[in-house]
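One letter stands for each residue in the lines below.
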Amino acid sequence: MMTKAYFRRHLRVVRSATPRTVLIVTASLLLLLSGTLIANYTTFAGNTVGSFEIDGNLTVDHLAPPTEPIDWDSSPFPAALTTFTDGTGPTDDIFGLGSKENDQSSWVCTTGSAPPKDDVVNEISINGAPPIAGEIAFRFFPVGGVQKQFLYANWSRLSNNGDAHIDYEFNRADPSTNPVPGCPQLPLRSPGDFLISFDTQNGGAIIGVSASTWNGTTFLPLSVGSQGILWDAAVNTAPSISGLTVTGINLFGELALNVSDTIGEIPCNKVLFVSMKTRASTSLSAELKDRTRIKPVNFTVFNPAGANASGNAAAAQIQDRLLGINQALPAATPATCTQGVCSSQSGIGSTSNSNQVLNAAVPPPGGGVVKANVLSASSTSTVDSTTNTATDTGVAESAGVNLVGGLVTADVVRGVATAQASGFNSSFSSAGSAFQNLVVNGAQMNNVNPNTTIDLPAVQFGAGSFVKLLEEIGSSSQPPSGQLAGGTFAADLTVNMIKVHITSLALTGDAVDVVVSHAQAHADFPQPAGCPALAGTVSGNATIINEQTNPSQLPVVVGFVSIPPQGGHDHQDLDQLSTSLVSGGTSVSDSAGTVLNSGSNSSSFAKAANVCALPVGGVCTVFASAITSQANSASGGGKSSSDPQGTSLIGLSVGGMSVSDNPPPNTTILLPGIGSVTLNEQTCDGGVAPCSGTTSSGIRVRAIHVIVNNPNALGLPQGADVIVGEAHADSSHP
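Residues numbered from 1 in each chain as written. Predicted model: local features only at pLDDT ≥ 70, side-chain atom pairs only at ≥ 80, totals over all residues. Heavy atoms only, no water.

Participant: Provide a residue-level description of the overall build of the protein chain, including the pertinent values.
Facilitator: Each helix and strand in the protein chain was counted, giving two helices and 50 strands. Dimensions of the protein chain, computed from the C-alpha atoms along their principal axes, are close to 105 × 65 × 45 Å. The buried share among the 734 residues of the protein chain stands at 54%. Residue pairs at least 24 apart in sequence account for 64% of intrachain contacts in the protein chain once pairs closer than 6 positions are excluded. Accessible area of the protein chain: about 28600 Å², with a carbon and sulfur share of 55%. (Helix = DSSP H or I, 4+ residues; strand = E, 2+ residues; numbered from the N terminus. Buried < 20%, exposed > 50% of the residue type's maximum accessible area, 1.4 Å probe, protein only. Contact = heavy atoms within 4.5 Å. Areas by Shrake-Rupley, 256 points an atom, 1.4 Å probe, with all protein chains shown as cover.)

See the structure below:
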């Protein structure tokens, strides 16, 4: 957010770093101006600021190098354009008499004919495109080895029978939702908004560019330094120029301004709105004349044509060395797919394939390796030019599963892999993956965490044999921070819901590998031209149960979800909870996060019903009818904060005694003969409250946290640790 202090800081920097002496137009002419600090100078044809030709025309005039500097008809134009159109004559949108730039309470919005010299009209037409009245563009370009942001703008008007005074006003508020009374679709001002002005005098022989910021009451001047260094501007001095449909000098104007060193860098994709207006004179208290509709600023040039999405899915993949089987089910779709069902999309469009097999049985006779009632798979790849995203989703579902003669059975096994990439971030998610009534080697599996491995007895299955559940292999990548072009945002995820690896099956010595419900997804999207890669990060995770009964062993973790640093979404639903020390009903764990140019945010939660922790003699040491631990974090605009909003604990009892709902943070209750329990435990990252900072912050919330300090009837070793309902979220952004 651009504030008054922000602009003053930049103002001090610019004033100390740039000369304030007004250049001499001729040996005998020295202009002394006040008020808005407009610097007026003779136009020098052929000047460049920000590698832009400031020469009063629209065509590229240089011979070399081939792409820089640019002009309005450079193809492709290396920055996104925001264009303005405006009519002329009695139906034109104009300001009524007495409307002053600095005083919106004086504005009268009406229709009618603006004075010809102040009438912006649709006269600019490049390469045969429909004519427009003006346009702006933002671009980053290196200056002295440092990337600087530049603003380019132009205008055309009906008549040159007087000086031109053009404003480009930039606002953060959306006028369509908060209209100025009597003037819908016109600027709604808030502190930090800014104005760029283009003024000509003496028929365009003298040109000035100025910048001002709105402080809530009036516009305050900002230093724009010297012409030819931090800014330059020109009008057409030839009566006829290519791309301008009207004939006459001083009917077209253009400017280039170093934004980084004057206004202060504006984050790419920041929500800004811009409009064009004309004034009667150089003064910001002068009467307003013509106006255009306000437009959202377009900062980036997306390239969905260069995006890709691809993936595959298979309900079952079987390798049996003894029987010589190596196949994927359902059958290859299309025929070229090597992993069941495939899809691929390069450029804008969507491709989807699916297939299924009913009552599948893989030899030996009777389906000794794989039996299933339904084996289905689908893969969908999409590149969407509306949202500028590439997305692939693979889904593999198996029903009535029986593997290796009953070693693994399940009513339903569903694997989902989703990868998504845009021009600003990339992410992956396995949300939707699930088991129903899963049994592994005779043991019911109610809670399955990602990448759970169950070792199989060597005598029966061979050394090194195992069953792996909910295997997730994911990655996301982005261009290095600060890179402007040529990079790629990409995400990949592979999900294997059941993987059986048998090295030597008893009696036969057979080696078998089976994968059930495999899904793989990939997406990539080119970095938009002109915007540095995002520098923010997020992290988040949630857990239903983390049970450390023996400090010398790994903990039992139930319902764990997490997201990568570039954001994404992960989710688990469990029908019931059951560990050695905790039981409960349905539960949900979820973590999601997003990194944008304007900021980063993440949120995680863990929910569970009818939680019973540490039962002793049929009585729960800690009970809750419903718990929700929630952690939220957001960073951007020079501040970061994290909070536990959404957290709740209902129907509590400790040691058989009722406890009030939603106890205060970090409520600790002693447990005689066991230790203590902390309810609604909240900890800021770094350990210092409040959970806030300038660029990063984070918070961890635990609904129930039991620590065993004493010898106890449960036989738990001292130091045992049980956590029910944990959520963590953090974010960072420069």
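Let us keep going from here.
Participant: Mind laying out the state of the cysteines, listing which residues take part and the relevant values?
Facilitator: Per the counting criterion, the structure on display carries four disulfides. In this model, Cys109 is linked to Cys183 through a disulfide, with the two sulfur atoms separated by 1.7 Å. Of note, the bridge from Cys109 to Cys183 carries an S-S torsion of about 110 degrees and is right-handed in sense. With Cys109 in strand 6 (residues 109-111) and Cys183 in the loop between strand 9 (165-171) and strand 10 (194-201), this residue pair connects regions lying 74 residues apart in the sequence. Judged by its relative accessible area of 1%, Cys183 falls in the buried class. (Disulfide = S-S within 2.5 Å.)

Participant: I'd love a proper account of the nonpolar core, names of residues and values included.
Facilitator: Counting residues in each nonpolar core, the largest one holds 50 residues, and the members touching the most others are Leu403, Leu438, Ile498 and Val500. If near-sequence neighbours (up to four positions away) are discounted, Leu403 is found in contact with Val369, Val370, Val408, Ile498, Val500, Val514 and Val516. (Core = buried A, V, L, I, M, F, W, Y, C linked by side-chain atoms within 4.5 Å.)

Participant: Give me the lowdown on the sheet that holds strand 4 (residues 81-84), citing residues and values where you can.
Facilitator: Taken in spatial order, the five strands line up as 4-7-8-14-13 in an open sheet, and their pairing is antiparallel. The sheet is open, and its two borders are formed by strand 4 and strand 13 (231-235), each paired with just one other strand. The mean inter-strand angle of the sheet, taken between neighbouring strand axes irrespective of direction, is 15 degrees. Examined bridge by bridge, strand 8 (residues 146-156) and strand 14 (residues 252-258) share seven bridges and lie antiparallel to one another. Bridging from a neighbouring strand, Ala153 pairs with Leu255 of strand 14. (Pairing = 2+ DSSP bridges. Axes fitted to C-alpha atoms, helices over the stretch in contact; angles between N-to-C directions.)

Participant: Kindly report on empty space enclosed by the protein, identifying the contributing residues and their values.
Facilitator: Counted by the stated rule, this structure contains one cavity of 30 Å³ or more. Put simply, the largest cavity is a space of about 30 Å³. Lining the largest cavity, in full, are Asp93, Pro184, Gln185, Leu186, Arg291, Thr292 and Arg293. For the lining of the largest cavity, the per-class residue count stands at two nonpolar, two polar and three charged. (1 Å grid on protein atoms, 1.4 Å probe; cavity = no way out; pocket = protein on both sides within 12 Å on 5 of 7 lines; lining within 4 Å. Points joined across faces, edges and corners; volume = space filled by probe spheres on them. Nonpolar A, V, L, I, M, F, W, Y, C, P; charged D, E, K, R; others polar.)

Participant: Can you explain the layout of surface pockets? Please cite residues and give values.
Facilitator: Where empty space is left can be seen by rolling a probe of water-molecule size over the atoms. For the second largest pocket, the calculated volume is near 520 Å³. Along the wall of the second largest pocket there are 26 residues; nearest its centre are Ala434, Phe435, Gln436, Asp573 and Leu574. Here the lining of the second largest pocket gets five residues from one element, more than from any other, and that element is strand 36 (residues 567-574).

Participant: Break down the packing of aromatic side chains for me, with residues and values.
Facilitator: This model, assessed by the stated rule, comprises nine aromatic pairs. A ring pair is formed by Phe138 and Phe170, whose centres lie 5.9 Å apart and whose planes are at 70 degrees; its orientation type is edge-to-face. Taken together, the positions of Phe138 in strand 7 (residues 134-143) and Phe170 in strand 9 put the pair 32 residues apart, joining distant regions of the chain. Residue Phe170 is classed as buried on the basis of its relative accessible area of 0%. Measuring from ring centre to ring centre gives 5.0 Å for Phe138 and Phe299, while their planes differ by 35 degrees; the resulting arrangement is tilted. Of this pair, Phe138 sits in strand 7 while Phe299 sits in the loop between strand 17 (295-296) and strand 18 (308-320); the two residues are 161 residues apart in sequence, bridging distant segments of the chain. (Phe/Tyr/Trp six-rings, centres within 6.5 Å; stacked < 30°, edge-to-face > 60°.)

Participant: So what about the pattern of salt bridges? Which residues, and what values?
Facilitator: Inspection of every chain in the model, using the stated rule, returns 18 salt bridges. A salt bridge links Glu68 to Arg139, with the shortest nitrogen-to-oxygen separation between them at 2.9 Å. Remark: Arg139 occurs in strand 7 and Glu68 occurs in the loop between strand 3 (53-54) and strand 4; sequence separation between them is 71 residues. Residue Asp193 pairs with Arg172 through a salt bridge whose shortest N-O separation is 3.4 Å. Here Asp193, found in the loop between strand 9 and strand 10, pairs with Arg172, found in the loop between strand 9 and strand 10; they are 21 residues apart in sequence, far enough to count as distant. Side by side, Asp193 and Arg172 carry an identical accessibility label, which is buried. Each of Glu101, Glu169, Arg189 and Lys277 takes part in salt bridges that share partners, so that together they form one network. (Salt bridge = Lys/Arg side-chain N within 4 Å of Asp/Glu carboxyl O.)

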